[in-house]
Amino acid sequence: MARLSYVVTIISVTLMCVLAEELYSDKYDNIDPISILQNDKLRDEYYNCLLEKAPCPTENAKFFQGILSESIQTKCKKCTQKQKELLLTMKNWYVQNKPEQWEALIAKSVEDMKKKNAGR
């Protein structure tokens, strides 16, 4: 009976390791996306950063620039719960207020993922 328990434990741990997905760092999860989106100047700085058209105004912008394409393409598979909420807030705002800019972010994410996959 102890041997069966041992085998079940080994299988459980193995499955947990296989199924566990490494998440993005939660270091910048406490940003307030609404304050950024409502400030035209700051929003434009973040947007240009995300599109790599201008330097990122903050370290958190640089972090999100690095994960945005993969996050969009994988439906936030590696996102923390807070990051999922941040992306949804951003998406909803852009779709309602600047849909052409949201489409540009989507197009960039597709292009970035093609480049990433081609490099493998």
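The name given to the protein in an unreviewed UniProt entry is Putative odorant-binding protein A10, with Trachymyrmex cornetzi as the source organism.

Caption draft 1: Representation of the overall build of the protein in the model. Each helix and strand in the protein was counted, giving 6 helices and 0 strands. Helices and strands appear in the protein in the N-to-C order α-α-α-α-α-α. Within the protein, the fraction of its 120 residues that count as buried is 32%. Put simply, of all contacts in the protein between residues at least 6 apart along the chain, 61% involve residues at least 24 apart.

Caption draft 2: Quick peek at unusual backbone geometry. One non-glycine residue, Glu52, lies in the positive phi region at around 60 degrees. By secondary structure assignment, the location of Glu52 is in the loop between α3 (40-50) and α4 (59-73). A positive phi angle is found at Cys76, which is not glycine, with a value near 65 degrees. Of note, Cys76 is situated in the loop between α4 and α5 (81-97).

Caption draft 3: A look at the packing of α5 against helix α6 (residues 99-118). Closest axis-to-axis distance for the α5/α6 pair is 5 Å, and the angle between their directions is 130 degrees. For the element pair α5 / α6, the angle class is oblique. Residues Leu87, Met90, Lys91, Tyr94, Val95 and Asn97 of α5 pack against Pro99, Gln101, Trp102 and Leu105 of α6.

Caption draft 4: Region of interest: the environment of Trp102. Position of Trp102 relative to the elements: it lies in helix α6. Trp102 sits 10 residues away from Asn92 along the chain, and the two C-alpha atoms are 9.3 Å apart.

Caption draft 5: Structural detail: the pattern of salt bridges. Enumeration over the complete set of coordinates arrives at 5 salt bridges. The partner of Arg43 in a salt bridge is Asp40, with the nearest N and O atoms 3.0 Å apart. One end of the pair is Arg43 and the other is Asp40, both in helix α3 and 3 residues apart, which spans about a single turn. Accessibility expressed as a relative area gives 6% for Arg43, which makes it buried. The closest approach of N and O atoms between Asp112 and Lys108, which form a salt bridge, is 2.6 Å. Taken together, the residues Asp112 and Lys108, both in helix α6 and 4 residues apart, mark about one turn of the helix. Note on Asp112: relative accessible area 22%, which makes it partly exposed. Among the ionic contacts, a cluster of salt bridges with common partners joins Glu52, Lys108 and Asp112.

Caption draft 6: Region of the structure containing the packing of aromatic side chains. The tally for this structure, following the rule as stated, stands at 4 aromatic pairs. Measuring from ring centre to ring centre gives 5.5 Å for Tyr28 and Phe63, while their planes differ by 45 degrees; the resulting arrangement is tilted. Residue Tyr28 is found in the loop between α1 (2-19) and α2 (33-37), and its partner Phe63 is found in helix α4; the two are separated by 35 residues along the sequence. Overall, the relative accessible area of 17% leaves Phe63 in the buried class.

About the thresholds
Residues numbered from 1 in each chain as written. Predicted model: local features only at pLDDT ≥ 70, side-chain atom pairs only at ≥ 80, totals over all residues. Heavy atoms only, no water. Helix = DSSP H or I, 4+ residues; strand = E, 2+ residues; numbered from the N terminus. Buried < 20%, exposed > 50% of the residue type's maximum accessible area, 1.4 Å probe, protein only. Contact = heavy atoms within 4.5 Å. Axes fitted to C-alpha atoms, helices over the stretch in contact; angles between N-to-C directions. Parallel < 35°, antiparallel > 145°, perpendicular 65-115°, else oblique. Salt bridge = Lys/Arg side-chain N within 4 Å of Asp/Glu carboxyl O. Phe/Tyr/Trp six-rings, centres within 6.5 Å; stacked < 30°, edge-to-face > 60°.

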